[in-house]
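If you want the building blocks of each chain, they are given just below.
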Amino acid sequence: MANHDYDKIDPESILAYAKRLVGHALREFIPSSIDSDAAAKSVKGRFGQLIERYYFGISNNSESVPDFKEAGVELKTTPIRKLKDGSYAPKERLVLSMIDYGRIVHERWETSHFLSKNELILLIMYLY
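None of these values were measured; they are calculated from a predicted model.

### Some words on the overall build of the protein chain
No. 1: For the protein chain, the helix and strand inventory stands at five helices and three strands.
No. 2: Walking the protein chain from its N terminus toward its C terminus, one meets helices and strands in the order α-α-α-β-β-α-α-β.
No. 3: Its C-alpha atoms give the protein chain principal-axis dimensions of about 45 × 35 × 25 Å.
No. 4: By the burial criterion, 33% of the 128 residues in the protein chain qualify as buried.
No. 5: Contacts in the protein chain between residues far apart in sequence, at least 24 positions, make up 55% of those at least 6 positions apart.
No. 6: Element-wise, carbon and sulfur atoms account for 53% of the exposed surface of the protein chain, whose accessible area totals about 8700 Å².
No. 7: Between the centroid of the 18 positive side chains of the protein chain and the centroid of its 18 negative side chains there is a distance of 7 Å.

Pasting the structure below:
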């Protein structure tokens, strides 16, 4: 289980903490009472929710602000798969934001909802 040893207002601290995930499996960070493999595959986006909750200690939500509000960092996770030739490819598309077609025409890029949420992204790729 992770101890959430990072400074929640410092993007560099969050990144350093995230790098500790390299070489580890999700199951190492969630309670043994949860079947990590089944839980991560049961719902699209579930892997990211499990990382948020159990590794970073962030409550899952659907707020329109970055996951690490104080640091302005949005957390995204995406699966990759190993191909027969040994190379890697995305398993699925990565969605950064939903488009509100009624609102977007009135936004300016510099103050857009998209930019405010995704200006700084921590992208965690994992082998599916």
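### A closer look at the nonpolar core
No. 1: Ranked by internal contacts, the top residues of the largest apolar core, which has 22 residues, are Ile 14, Ile 51, Phe 56, Phe 68 and Leu 122.
No. 2: For this core, the elements supplying multiple residues, two or more each, are α1 (11-19), α3 (46-56) and β3 (121-127).
No. 3: A per-element tally of this core places α3 first, with six residues.
No. 4: With residues up to four places along the chain from it excluded, the contact list for Phe 68 reads Tyr 6, Ile 14, Phe 56, Ile 58, Val 73 and Leu 75.

### Quick notes on a nonpolar patch on the surface
No. 1: Together, Leu 94, Ile 121, Leu 123 and Met 125 line one region of the surface with nonpolar side chains, adding up to about 340 Å² of accessible area.
No. 2: Residue position: Leu 94 is located in the loop between β2 (88-90) and α4 (101-104).
No. 3: Residue classification places Leu 94 among the partly exposed residues on the basis of a relative accessible area of 36%.

### Some details on the packing of aromatic side chains
No. 1: Under the defined criterion, the tally for this structure stands at ten aromatic pairs.
No. 2: Consider the rings of Tyr 6 and Phe 56, whose centres lie 5.8 Å apart with planes at 75 degrees: the pair is edge-to-face. Within this pair, whereas Tyr 6 is found in the segment before α1, its partner Phe 56 is found in helix α3, the two being separated by 50 residues in sequence. The two residues Tyr 6 and Phe 56 agree in class, both being buried.

Basis of the calculations
- Residues numbered from 1 in each chain as written.
- Predicted model: local features only at pLDDT ≥ 70, side-chain atom pairs only at ≥ 80, totals over all residues.
- Heavy atoms only, no water.
- Helix = DSSP H or I, 4+ residues; strand = E, 2+ residues; numbered from the N terminus.
- Buried < 20%, exposed > 50% of the residue type's maximum accessible area, 1.4 Å probe, protein only.
- Contact = heavy atoms within 4.5 Å.
- Areas by Shrake-Rupley, 256 points an atom, 1.4 Å probe, with all protein chains shown as cover.
- Lys, Arg positive; Asp, Glu negative; His and termini not counted.
- Charge placed at Lys NZ, Arg CZ, Asp CG, Glu CD.
- Core = buried A, V, L, I, M, F, W, Y, C linked by side-chain atoms within 4.5 Å.
- Patch = residues over 30% accessible without salt bridge, like charges linked within 9 Å, V, L, I, M, F, W, Y side chains within 5 Å.
- Salt bridge = Lys/Arg side-chain N within 4 Å of Asp/Glu carboxyl O.
- Phe/Tyr/Trp six-rings, centres within 6.5 Å; stacked < 30°, edge-to-face > 60°.

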